[in-house]
2 protein chains.
Amino acid sequence: MKQNSNMPAFLSKLWTLVEDTHTNEFFTWSQNGQSFLVLDEQRFVKEILPKYFKHNNMASFVRQLNMYGFCKVLHIGSGIVKQERDGPVEFQHSYFKQGQDDLLENIKSKVSSSKPEENKICQEDLTKIISSAQKVQIKQETIESRLSELKSENGSLWKEVSEFIVMLLQNNQPVSLKRKRPLLLNTNGAQKKNLFQHIIVKSPRSGLYMYIFIKMMNYLF
Amino acid sequence: MKQNSNMPAFLSKLWTLVEDTHTNEFFTWSQNGQSFLVLDEQRFVKEILPKYFKHNNMASFVRQLNMYGFCKVLHIGSGIVKQERDGPVEFQHSYFKQGQDDLLENIKSKVSSSKPEENKICQEDLTKIISSAQKVQIKQETIESRLSELKSENGSLWKEVSEFIVMLLQNNQPVSLKRKRPLLLNTNGAQKKNLFQHIIVKSPRSGLYMYIFIKMMNYLF
DNA sequence: GGGAATATTCCC
DNA sequence: GGGAATATTCCC
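Residues numbered from 1 in each chain as written. Chains lettered and ligands numbered in written order. Predicted model: local features only at pLDDT ≥ 70, side-chain atom pairs only at ≥ 80, totals over all residues. Heavy atoms only, no water.

Draft legend 1. Seen up close, the overall build of chain A. Assigned secondary structure in chain A consists of six helices and four strands. Listing the helices and strands of chain A from first to last along the sequence gives α-β-β-α-α-β-β-α-α-α. Across chain A, every contact between residues at least 6 apart in sequence was considered, and the portion connecting residues at least 24 apart equals 51%. Split by element, the accessible area of chain A, about 13,900 Å² in all, is 53% carbon and sulfur. (Helix = DSSP H or I, 4+ residues; strand = E, 2+ residues; numbered from the N terminus. Contact = heavy atoms within 4.5 Å. Areas by Shrake-Rupley, 256 points an atom, 1.4 Å probe, with all protein chains shown as cover.)

The following block contains the structure:
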């Protein structure tokens, strides 16, 4: 095995200790070389772990195996003796095979690849979102002031129109006399009725001022 | 020393081993109890470090001290013998004083306080910003459709008013005859002139249509 | 099986 | 002195 500088210590240690023929009795390759076996966990923990690592906990060893993508091989109580508690433990990784140390370099740690990228993306996205939100906010202010202008102008226009009508009615002049089409045509359609047709046809004079007043209130407040 | 569950193992170990009177010969409090001394680095590394930690490197011990905010005390060659290479090493922390174990809880790791919070804030803020941006976007759509409504209605009203004026002028009726005050009073003030006074006073009839046409174009497109 | 805190190593 | 990778522990 060529010890590349970018090969994690855990992997080279694992390879070394599974290759070590002195411990084949309780830690060795499986028959077909596709996985490795811990045949005696007690001896493995006491005799091997402290020799290669800074601990003697099976859990920490397994945590590292999981960190590098190894999977426990399940023995579904077939022909294996004493399965209950301290039976043999088997681990497997598609790039950890007997006689194929050239595959080892494909084994990657799960933290080294994922965590840093997420943080970088988080920072970039944060910047993008903030600047985008600021632009929307600025545009919103522009729109709101434009809206306020239009609202005010609209109120004034309604007032104008109503005063025109009042003036004409006071002069006993028929409003729609010389007109070919309705006075208020909404460009976007039917939602609002034609105010003046409505007034002239249906409203008595006493109702006219109330109608105009309500209309104005809608636009001024 | 009360071993709180939130006290890092490194700090309680450090306190224990500096308090240990058996090792006062080469690892102990300074005279005034404001700092601690490594009088014999060789013995400290070989006899103490592996007993309390999972290593025997002075560098790793110092790395942890720095991680928890301890500072090396500089001896600027005053009265101290053999300063050159393996002289005594002294470390100090404002919350690590002889006889004051109650201060220990104020010592914080530099990573445990800064890194996780940044990430948590990043996540929380991300959620807040996104939901806030969505609300702004929704409101913006409401405002824009309201604006579009008003714009259209405003155009229609200008059209109405202009047609009134045209009608009145065609009937040779003086527009401002019976009025006590200007026709177009903007509620928010002076920005826009009184259109009709302007027209009546200054515009010849030929200019009136052009003026109204421009006004309408502004609101319809 | 894996997230996250703490520890150790490596490196500037 | 401290940033960052890897290792070990603790916990769900």
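Draft legend 2. The arrangement of the protein's contact with DNA strand D in detail. Taken together, 16 residues form the shell around DNA strand D, and within it Lys54, Asn57, Ser60 and Tyr68 of chain A together with Lys110 of chain B come nearest. Each atom of DNA strand D within 4 Å of the protein belongs either to a base or to sugar and phosphate, the latter forming 62%. Between DNA strand D and the protein, one listed contact pairs a phosphate oxygen with a backbone N or O atom of Lys54 of chain A at 2.7 Å. Separating a phosphate oxygen of DNA strand D from a side-chain N or O atom of Gln64 of chain A is a distance of 3.2 Å. Taken together, the elements giving at least two residues each to the surface near DNA strand D come down to α1 (9-19) and α3 (58-67) of chain A together with α3 (58-67) of chain B. Tallying contributions element by element places α3 of chain A first for the surface near DNA strand D, with three residues. A class-by-class count of the residues in the surface near DNA strand D yields four nonpolar, six polar and six charged. (Near = heavy atom within 4 Å. Polar contact = N/O pair within 3.5 Å; in protein donor to acceptor, adjacent residues only side chain to side chain. Nonpolar A, V, L, I, M, F, W, Y, C, P; charged D, E, K, R; others polar.)

Draft legend 3. Spatial organisation of the sheet that holds strand β4 (residues 89-92) of chain A. Residues and elements named next belong to chain A. If you walk across this open sheet you meet the four strands as β1-β2-β4-β3, and the pairing is antiparallel. Two strands bound the open sheet, and with one partner strand each, they are β1 (27-29) and β3 (71-72). When strand β2 (residues 36-38) meets β4, the two strands line up antiparallel, connected through three bridges. Residue pairing for β4: Phe36 is matched across the bridge by Phe91. (Pairing = 2+ DSSP bridges.)

Draft legend 4. Representation of the packing of aromatic side chains within the structure. Using the criterion set out here, one finds 28 aromatic pairs over all chains in the structure. On the numbers, 5.4 Å between centres and 15 degrees between planes, the contact of Phe10 of chain B with Tyr68 of chain B is stacked. With Phe10 of chain B in helix α1 (residues 9-19) and Tyr68 of chain B in the loop between α3 and β3 (71-72), the pair connects residues that are 58 residues apart, well separated along the chain. The exposure class of Phe10 of chain B is buried, given its relative accessible area of 5%. Geometrically, the ring pair formed by Trp15 of chain B and Phe96 of chain B is edge-to-face, given 5.4 Å between the ring centres and 85 degrees between the ring planes. Within this pair, whereas Trp15 of chain B is found in helix α1, its partner Phe96 of chain B is found in the loop between β4 (89-92) and α4 (110-170), the two being separated by 81 residues in sequence. You'll find Trp15 of chain B and Phe96 of chain B in the same group, each marked buried. Members of the aromatic cluster, joined through ring pairs, are Phe10, Trp15, Phe27, Trp29, Phe36, Phe44, Phe53, Phe61, Tyr68, Phe70, Phe91 and Phe96 of chain A. (Phe/Tyr/Trp six-rings, centres within 6.5 Å; stacked < 30°, edge-to-face > 60°. Buried < 20%, exposed > 50% of the residue type's maximum accessible area, 1.4 Å probe, protein only.)

Draft legend 5. Quick peek at the packing of α1 of chain A against helix α2 (residues 41-52) of chain A. Residue and element names in this part refer to chain A. Two elements in contact, α1 and α2, have axes separated by 11 Å at closest approach and are oriented at 135 degrees. Judged by the inter-axis angle, α1 sits oblique to α2. Here α1 runs over α2; the crossing is right-handed. Across the interface between the two elements, Lys13, Thr16 and Leu17 from α1 touch Phe44, Ile48 and Tyr52 from α2. Among the residues forming the contact of α1 with α2, the class breakdown is four nonpolar, one polar and one charged. (Axes fitted to C-alpha atoms, helices over the stretch in contact; angles between N-to-C directions. Parallel < 35°, antiparallel > 145°, perpendicular 65-115°, else oblique. Left-handed = near helix turned anticlockwise from the far one by under 90°.)

Draft legend 6. Structural detail: a positive patch on the surface. Positive charge collects at one region of the surface, where Lys13 and Lys54 of chain A together with Lys13 and Lys54 of chain B lie side by side. Take Lys54 of chain B: it is sitting in the loop between α2 (41-52) and α3. (Patch = residues over 30% accessible without salt bridge, like charges linked within 9 Å, V, L, I, M, F, W, Y side chains within 5 Å. Salt bridge = Lys/Arg side-chain N within 4 Å of Asp/Glu carboxyl O. Lys, Arg positive; Asp, Glu negative; His and termini not counted. Charge placed at Lys NZ, Arg CZ, Asp CG, Glu CD.)

Draft legend 7. Molecular detail of the pairing of β4 of chain B. Alignment of β3 of chain B against β4 of chain B, held across two bridges, turns out to be antiparallel. Paired with Cys71 of chain B across the strands is Gln92 of chain B, a residue of β4 of chain B.

Draft legend 8. Main features of the sheet that holds strand β1 (residues 27-29) of chain B. Residues and elements named next belong to chain B. The four strands lie next to each other as β1-β2-β4-β3, forming an open sheet whose pairing is antiparallel. Because the sheet does not close on itself, it has two edges, and the strands there are β1 and β3. Contacting β1 and β2 (36-38), α1 crosses the sheet at an angle of about 90 degrees to β1.

Draft legend 9. Quick look at the side chain of Glu90 of chain B. All names here are of chain B. Tracing the backbone shows Glu90 in strand β4. Buried and without a salt bridge, Glu90 has Lys97 as its closest oppositely charged side chain, separated by 9.8 Å. Within the structure, Glu90 has its side chain in polar contact with the side chain of His75 (distance 2.7 Å).

Draft legend 10. The arrangement of the side chain of Ser109 of chain B in detail. Inspection of the secondary structure puts Ser109 of chain B in the loop between β4 and α4. Excluding its chain neighbours within four sequence positions, the residues that come into contact with Ser109 of chain B are Met67 and Tyr68 of chain B.

Draft legend 11. Looking closely at the pattern of salt bridges. Residues and elements named next belong to chain A. The tally for this structure, following the rule as stated, stands at eight salt bridges over all chains. We note a salt bridge from Glu47 to Arg43, for which the minimum N-O separation is 2.9 Å. Residue Glu47 and its partner Arg43 are located together in helix α2, separated by four residues, close to a single helical turn. On the accessibility criterion, Arg43 (29% relative accessible area) is partly exposed. Here the salt bridges share partners, and the residues they tie into one network are Glu25, Arg43 and Glu47.

Any functional reading would require information that these geometric values do not contain.
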